[in-house]
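Architecture and fold: a report
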Amino acid sequence: MNRRPLDREDPDRLYTVTRGRSEASDDTLDLVALIVAEDEPEPGMQSEHATILRLCRGNPVAVVELSARMRLPVSVLKILLLDLRDMGRITVRHPSSAAAPAAYAADLETLKQVLVGLESI
């Protein structure tokens, strides 16, 4: 059995990256929240923080996409994102279905049909 790169990740590194924290203290970040960089990386900044700022410069990026691009567990990434948010270096945008016009809202039956179609693939 081949192990995924994440499975081979050194737990000590993840512990160091989060400065020993194992859980995000704030649960406002969900997987689809969009992250926007408000600042440029600075010399001497933690490398993971700098990478997040570079990836989110100009275009909002979802938390789950950042996790995949950085090859970090979502729980670790959330801790890093909260650090950056508290420093004022990123903005978190929460997608809202209420902002979408009613004409674009999919009805439940259509969504069920899409799910059945995807499961049959």
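Note that the structure is a prediction, hence the values are computed from the model and not measured. (Residues numbered from 1 in each chain as written. Predicted model: local features only at pLDDT ≥ 70, side-chain atom pairs only at ≥ 80, totals over all residues. Heavy atoms only, no water.)

1. Structural notes on the overall build of the chain
The number of helices and strands found in the chain is 5 helices and 3 strands. Along the chain, from the amino end to the carboxyl end, the secondary structure elements read α-β-α-β-α-α-β-α. Within the chain, the fraction of its 121 residues that count as buried is 29%. Here the analysis covers contacts within the chain between residues at least 6 apart in sequence; of these, 72% occur between residues at least 24 apart. For the chain, the accessible area works out to roughly 8,400 Å², and carbon and sulfur atoms hold 53% of it. (Helix = DSSP H or I, 4+ residues; strand = E, 2+ residues; numbered from the N terminus. Buried < 20%, exposed > 50% of the residue type's maximum accessible area, 1.4 Å probe, protein only. Contact = heavy atoms within 4.5 Å. Areas by Shrake-Rupley, 256 points an atom, 1.4 Å probe, with all protein chains shown as cover.)

2. Description of the pattern of salt bridges
Across all of its chains, the model carries 5 salt bridges by this definition. Between R57 and E40 there is a salt bridge, with the nearest N and O atoms lying 3.3 Å from each other. Placement of the pair is R57 in the loop between helix 2 (47-55) and strand 2 (61-62) and E40 in the loop between strand 1 (34-37) and helix 2, with a sequence separation of 17 residues. Residue E40 is classed as partly exposed on the basis of its relative accessible area, which comes to 40%. For E65, the salt bridge goes to R69, with nearest N and O atoms at 2.6 Å. Of this pair, E65 and R69 both sit in helix 3 (residues 63-70), 4 residues apart, roughly one helical turn. Taking the relative accessible area as the measure of exposure, R69 reaches 46% and is therefore partly exposed. One continuous salt-bridge network, built from bridges that share partners, spans D39, E42 and R89. (Salt bridge = Lys/Arg side-chain N within 4 Å of Asp/Glu carboxyl O.)

3. A short note on the sheet that holds strand 2
Spatially, 3 strands are ordered 2-1-3 in an open sheet, and the strand pairing comes out antiparallel. Edge positions in the sheet fall to strand 2 and strand 3 (90-93), since each has one partner strand and no second. Examined bridge by bridge, strand 1 and strand 2 share 2 bridges and lie antiparallel to one another. Considered in strand 2, the bridge of L34 is made with A62. (Pairing = 2+ DSSP bridges.)

4. A word on helix 4 (residues 74-86)
With 13 residues, helix 4 should cover 18 Å at 1.5 Å per step; its first-to-last C-alpha distance of 18 Å lies within 8% of that length. In the stretch just after helix 4, G88 is the one whose phi turns positive, near 80°. (Expected span 1.5 Å × (residues − 1).)

5. Remarks on unusual backbone geometry
With glycine set apart, most residues show a phi of negative sign, and most peptide bonds adopt trans. Here R71, not a glycine, exhibits a phi torsion of approximately 55°, which is positive. For R71, the position within the fold is in the loop between helix 3 and helix 4. With a relative accessible area of 59%, R71 lands in the exposed category.

6. Considering the nonpolar core
Ranked by internal contacts, the top residues of the largest apolar core, which has 22 residues, are I35, I52, L66 and L81. Listed by contribution, the elements that provide at least two residues to this core are strand 1, helix 2, helix 3, helix 4 and strand 3. A per-element tally of this core places helix 4 first, with 6 residues. Here L66 is in contact with I35, I52, L55, C56, V61, L77 and L81, once residues within four sequence places are set aside. (Core = buried A, V, L, I, M, F, W, Y, C linked by side-chain atoms within 4.5 Å.)

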